[in-house]
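Listed below, chain by chain, are the residues.
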Amino acid sequence: MTLSATGVSAPTKRFLATLLPLILLSAPLPSFAQSANSDVADELPLEEIQTFAEVFERIKRAYVEEVDDRTLLRNAMRGMLSELDPHSAYLDEEEYQSLRESTQGEFGGIGIEVGTENGQLMVITPIDDTPASRAGLLSRDLIVAIDGTPTDGLSLQEAVTLMRGEPGTELRITVLRSGEDATREFTLSREIIRSESVKYELLEPGYGYLRISQFQSRTPEQAREALQSMAAEQPLEGLVLDLRNNPGGVLQSAVGIADLFLDEGLIVYTEGRLADTAMSFSASSITPAGDVPLVVLINGGSASAAEIVAGALQDQRRGVIMGTNSFGKGSVQQIMPLGNNEGLKLTTALYYTPNGRSIQAQGIEPDVEVVRGRLEVAERRREIREADLEGHLSAQQAPRDRQEMAERLIDDYQLSEALNLLKALNVVDRRRG
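Counting of residues starts from 1 at the beginning of each chain's written sequence and follows it residue by residue. Only residues with pLDDT of 70 or above have their local features reported here, since the model is predicted, and side-chain atom pairs are shown and tallied only from 80 upward, although totals for entire chains, interfaces and linings are computed over all residues. No hydrogens and no water enter the side-chain calculation; it runs on all heavy atoms of the structure.

Chemist: Quick question: what am I supposed to make of the overall build of the protein here?
Modeler: Numbered from the N terminus, helices here are DSSP runs of H or I no shorter than four residues, and strands are runs of E no shorter than two. Check the secondary structure of the protein and you find 13 helices and 19 strands. When burial is assessed residue by residue, the protein has 43% of its 433 residues classed as buried. The contact rule is simple, with two residues in contact once any of their heavy atoms fall within 4.5 Å. Relative to all contacts within the protein whose residues are 6 or more apart in sequence, the contacts with residues 24 or more apart total 69%. For accessible areas, the Shrake-Rupley method is used with a probe of radius 1.4 Å. Any residue's cover is judged against the shown protein chains and nothing else. Counting only carbon and sulfur atoms, one obtains 48% of the accessible surface of the protein, whose full area is about 24700 Å². Think of it in three bands: residues with accessible area under 20% of the maximum for their type are buried, residues over 50% are exposed, and the middle band is partly exposed, with areas taken using a 1.4 Å probe on protein chains only.

Pasting the structure below:
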């Protein structure tokens with residue numbers, strides 16, 4: 001390879017002489033080593049590299065403030081990755097540590113998962129029982145300012161860094177909600193976010209509720225324990241799996257959750273450019289809840305790994321998917337350490353449901369659409385019944401006291417409808433039997 005540098009200044013020549021050996025001789029990441037070939041040097045776009053070097057030199061010489069080489073090169077890496085897709089990013093030491101903390105289930109901040117859409121910072125979902133969820137932030141809210149700083153031009157990582165801070169300190173964010181002309185302002189107090197990914201309870205005797213707020217490494221184990229606990233007194237007659245506002249997480253964790261309900265068949269497969277990104281995952285025969293009637297709740301905040309679970313259960317006809325369309329994030333990110341406690345988050349593959357559906361920018365469409373709402377119990381005049389009549393005959397066996405409707409069901413219309421559907425499915429099954 002020969003390099004023509006006619007008309008290029010001496011500093012630029014020196015920079016090119018330094019830059020090109022680094023590009024050609026730097027140790028590649030293991031997953032990329034297989035695809036590298038000996039002719040890569042001949043394929044480099046030399047004119048673009050020369051232009052890059054000239055831009056670098058002009059910034060160094062003429063920018064209003066002095067900028068060191070390290071900062072310029074790091075910013076160049078950030079820009080190179082941010083232009084690929086909203087989920088690829090260069091991670092400095094602080095950002096890399098923050099990502100590791102979030103997957104381990106403990107981090108500092110307001111408890112919000114964010115992404116970008118059309119260059120705008122957007123709420124993917126507030127995490128359960130955090131300052132963000134308690135304040136009323138919703139999926140798809142656009143964050144237009146953080147502590148007065150406009151988010152236009154901020155990278156995703158820069159926005160996350162601004163929102164994190166010491167516990168007890170306040171954060172002011174300005175939000176534009178869909179369908180509204182005026183912005184809303186929220187003042188939140190940062191906390192140490194210890195995210196428990198699994199919650200459960202019995203809605204009624206025999207009918208369980210399993211909430212998964214995100215997919216962490218221990219989520220399948222915790223969900224298995226929750227199922228065992230709910231079925232300890234009597235076998236479950238139905239289960240609601242709540243994946244609403246679940247931003248995703250660890251791919252293997254999603255596979256483990258789907259495997260709790262499937263005893264055979266494909267769960268998910270991935271395809272990318274490199275051989276090691278092509279993977280497939282199938283269900284094992286050990287299935288603790290393989291025959292429990294199942295309703296899965298999703299909404300616009302259900303993303304990534306949550307969509308893997310919903311898509312697998314839908315394609316395998318294992319349960320009824322209820323709610324609204326999911327977010328539509330169908331890509332897989334690989335976290336690659338770069339040394340010096342820094343890392344690279346790179347989109348390396350797309351994932352597909354068992355029937356070959358890619359949900360990227362499409363989402364999972366529910367089998368039964370139920371929009372968000374609140375169940376309102378209307379007051380009405382009490383009707384006279386046989387038991388009110390004087391001298392009525394008593395039943396041979398005292399009727400079982402009806403359990404009062406759980407507060408959660410009153411506040412959550414979608415969940416109430418899911419429970420009603422489970423009961424209806426059991427009625428149909430009994431009649432068929």
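Let us keep going from here.
Chemist: What exactly am I supposed to notice about the nonpolar core here?
Modeler: Note that soluble globular proteins tend to have their nonpolar side chains buried in a common cluster. Remark: nonpolar core denotes a set of buried residues (Ala, Val, Leu, Ile, Met, Phe, Trp, Tyr, Cys) joined through side-chain atoms within 4.5 Å. Formed by 42 residues in total, the largest nonpolar core has its most connected members in L210, F215, L239, L241, L243 and F261. Not counting residues up to four positions away in its chain, the partners in contact with L241 are L210, I212, F261, L294, V295, V296, L297, V309 and L313. With 17 residues, the next largest nonpolar core counts I110, V114, V123 and A159 among its residues.

Chemist: Help me understand the sheet that holds strand β12 (residues 238–242) in this model?
Modeler: Backbone hydrogen bonds are what pair the strands of a sheet, in a parallel or an antiparallel way. Across the sheet, six strands lie side by side as β10-β11-β12-β15-β16-β19; this open sheet has mixed pairing. Since the sheet does not close on itself, it has two edges, and those belong to β10 (198–204) and β19 (368–369), each with one partner. Across four bridges, the pairing between β12 and strand β15 (residues 294–298) is parallel. Each residue of the ladder has a partner; that of L239, found in β15, is L294. Geometry is summarised by axes, namely lines fitted to C-alpha atoms with helices restricted to the contacting stretch, and by angles between N-to-C directions that run from 0 to 180 degrees. On the sheet, helix α11 (residues 305–315) packs against β12, β15 and β16 (320–323) and is oriented at approximately 140 degrees with respect to β15. We call two strands paired when DSSP finds no fewer than two bridges between them.

Chemist: Would you mind going over the pattern of salt bridges with me for this structure?
Modeler: Oppositely charged side chains may form a pair once their charged atoms are brought near each other. The salt bridge definition used is simple: a Lys or Arg side-chain nitrogen within 4 Å of an Asp or Glu carboxyl oxygen. Under the defined criterion, the tally for this structure stands at 19 salt bridges. The residue R58 makes a salt bridge to E54 at a minimum N-O spacing of 4.0 Å. Within this pair, R58 and its partner E54 are both found in helix α4 (residues 46–62), separated by four residues, close to a single helical turn. Across the pair E204 and K423 runs a salt bridge, and its minimum N-O distance is 3.0 Å. Placement of the pair is E204 in strand β10 and K423 in helix α13 (residues 413–432), with a sequence separation of 219 residues. A cluster of three or more residues bridged by salt bridges with shared partners is formed by D128, R211, D242, R244 and D412.

Chemist: Explanation requested: helix α9 (residues 219–230) in the structure shown.
Modeler: Along an α-helix, residues three or four positions apart point the same way, because every turn accommodates 3.6 residues. With twelve residues, α9 should reach 16 Å at 1.5 Å per residue; the first-to-last C-alpha distance of 16 Å fits that figure. Where α9 is concerned, the buried positions are T219, P220, Q222, A223, A226, L227 and M230. All buried residues of α9 project into a common sector of 160 degrees when viewed along the axis, lining one side. In this fold, the buried residues of α9 make contact with β10, β11 (207–212), β12 and α10 (251–259). How far a helix is expected to stretch is found by multiplying one less than its residue total by 1.5 Å. Directions from the helix axis toward the C-beta atoms define the arc.

Chemist: I'm lost on unusual backbone geometry in this one. Help?
Modeler: For residues besides glycine, phi is generally negative; the peptide bonds are generally trans as well. One non-glycine residue, R317, lies in the positive phi region at around 55 degrees. Phi is positive for N340, close to 55 degrees, though the residue is something other than glycine. Along the chain, N340 falls in the loop between β17 (331–339) and β18 (342–352). Under the relative-accessibility criterion, N340 is labelled exposed at 69%.

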